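Below are the chains, spelled out letter by letter.
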Amino acid sequence: MRHTVAPFAPSLSAILCTFNRAELLSRALDSILGQTLERSDFEVIVIDDGSSDDTRKVVESFERRLSLRYAYQANAGLASAKNHGIYCSRARHLLFLDDDDICSPTLFEEHLKTHAQYPDNHFAVLGYTGLDPTLAQNPLLRYITEVGCHLFSYPNLKDGDMLDYICFWGGRSSCKRKFLIEHGVFNPVFRFGCEDIELGYRLSKHNFKVVYNARAVNTMVRDISFDGFCARLIRQGQSQYVFSQLHPDVEVQNWAEVVGAEEEWQETKTVYEAVVRSARELNRVANLKLELGLELDDTTKKLLYRAYADAFRACKLKGINQGLFLGKRCKEKEPSHPMGSSSNSNRKS
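Residues numbered from 1 in each chain as written. Predicted model: local features only at pLDDT ≥ 70, side-chain atom pairs only at ≥ 80, totals over all residues. Heavy atoms only, no water.

S.K.: How should I be thinking about the environment of Arg65 in this particular structure?
M.R.: Inspection of the secondary structure assignment puts Arg65 in the loop between helix 2 (55–62) and strand 3 (68–72). Residues Arg65 and Arg39, spaced 26 residues apart in sequence, show a C-alpha to C-alpha distance of 9.2 Å. Apart from the residues within four sequence positions on either side, Arg65 is in contact with Leu33 and Arg39. Engagement of the side chain of Arg65 in a polar contact is seen with the backbone oxygen of Ser61, the distance being 2.9 Å. (Helix = DSSP H or I, 4+ residues; strand = E, 2+ residues; numbered from the N terminus. Contact = heavy atoms within 4.5 Å. Polar contact = N/O pair within 3.5 Å; in protein donor to acceptor, adjacent residues only side chain to side chain.)

Structure follows, in C-alpha cells:
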C-alpha cells in the first residue's frame, strides 16, 4: 500500500489502542469531536489489537469527521499496539488515550500548552483522569482511585508538579515523538501492565521528566467488577515480576514489590480464597446498601477498605509468584552447554 506524505504534520497525534470494546471506543471517539483544538492540528490513530467485534465499523463511522488513521494487528498486547501507533504517527507530540475514557473538550489543548511551556524533548505531560458521575459512588472504584490508589495516585499530586518516570501513566500521558524514537519505545514483552513505567524507567536515564497538568482532563466511563479487578491485579503482578527481571536496580525491585514476595505468598496462599471471598461479599453488601439508598457508615467503610487491601495484596502476590514460577520453569528448560564450550565460558555467573 502506497502512503502519501501530507504537506504538513499536525501538532498532536492521539494514539488509541483498543481490543473488543467497540461501544466504548465509539464514546471515546465521539468525545474527540468536541475538542477545542483545531481539527487540522491533530490526528487520531486507532490501533485495533485483534478485535473480533464491530471495532472497524465504529472507526469507519468517524472517518469523515476526524483526521483518523486505522491499523489492525493480530492480538499482541498493549505495548506492541502502542508501538504500532507511534510508528503510524506524524505529529511531534504523542498523546496516549484509553478506549474507556472520555476526553474533555480542552484535553488536547491543555497537553499542548504544557508542552509549549516545556519544549525540550525530555519533558512529558500527565493529565488528570476522573470518574464518571455514574461511577463516583461505587465503593470499589473510589477505593482503587482515591484511597488505595491502585489505579491512579492523584491525591498525592499537585497541579504543575515536576514528576519522575513513575508517573508516566498510560492512557493519560503525552510526550515528544522524537524522544521515543531516539531513546526507546515500549517493550512488547508487556502485553498488559508495566509497559508505561518500564519505558519511563529506561527514558529516565536520558533525563526524562513528567509535568502534571490537572486541567488536562479525561473521564473514565467503564465500570470494573471486583473479580475483574482481582484478575487485573494478578496480571499486573506477573508484569511486575517481568519488570524486575529486566532491570536489577534496587529502585525497580522495590517498585515491582518483588522483594520478599515469595515468602509473603507462602504465608498468604493458604488463606487466599477466603480473603478474596470475604472482600467480595463485603463489596456485594456495600453495593446493595447503596442501591437501597443507604449510606455506608464509617465502620462499614473501614472494614470494606481493609478487606479490599488484603484481597488486592493477595492477588498481586499471586501474580508475582506466578511470574516467578514461570521464570524458573523457563530457566530449567534452557539448554545446558558442555564445560569449556564458547557459549558457557562467556556466561557471567
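S.K.: Help me understand empty space enclosed by the protein in this model?
M.R.: Rolled over the atoms, a probe sized like a water molecule indicates the empty space that remains. Per the stated rule, a full pass over the model turns up one cavity of 30 Å³ or more. Taken as a whole, the largest cavity holds about 30 Å³ of empty space. Every residue lining the largest cavity is listed: Lys82, Phe96, Phe168, Trp169, Gly170, Gly171, Ser173, Phe186 and Asp196. Among the residues making up the lining of the largest cavity, the classes are represented as four nonpolar, three polar and two charged. (1 Å grid on protein atoms, 1.4 Å probe; cavity = no way out; pocket = protein on both sides within 12 Å on 5 of 7 lines; lining within 4 Å. Points joined across faces, edges and corners; volume = space filled by probe spheres on them. Nonpolar A, V, L, I, M, F, W, Y, C, P; charged D, E, K, R; others polar.)

S.K.: Could you clarify how one ought to interpret unusual backbone geometry in this entry?
M.R.: Note on backbone geometry: most residues besides glycine have negative phi, and most peptide bonds are trans. Unlike most non-glycine residues, Asn20 shows phi in positive territory, near 55°. At Asn207, a position not held by glycine, the phi torsion is positive, near 70°. Examined against the element boundaries, Asn207 turns out to sit in the loop between helix 7 (195–204) and strand 9 (209–220). Accessibility expressed as a relative area gives 43% for Asn207, which makes it partly exposed. (Buried < 20%, exposed > 50% of the residue type's maximum accessible area, 1.4 Å probe, protein only.)

S.K.: Can you walk me through the packing of aromatic side chains in this structure?
M.R.: The description of two aromatic rings rests on the distance between their centres and on the angle between their planes. What the rule picks out here adds up to 21 aromatic pairs. Considering the side-chain rings of Tyr154 and Trp169, the 5.2 Å spacing of their centres and the 75° angle between planes classify their relative orientation as edge-to-face. Taken together, the residues span a long stretch of sequence, with Tyr154 in the loop between helix 5 (139–147) and strand 7 (162–163) and Trp169 in the loop between strand 7 and strand 8 (172–176) at a distance of 15 residues. We note that Tyr154, like Trp169, is buried. Put simply, the rings of Tyr143, Phe226, Phe229, Tyr305, Tyr308 and Phe312 touch in pairs and so form one group of aromatic residues. A cation sits over an aromatic face here: Arg65 above Phe62, 4.3 Å from the ring centre. The ring of Phe96 has Lys82 lying over it, and the distance from NZ or CZ to the ring centre is 5.8 Å. (Phe/Tyr/Trp six-rings, centres within 6.5 Å; stacked < 30°, edge-to-face > 60°. Lys NZ or Arg CZ within 6 Å of the ring centre and 35° of its normal.)

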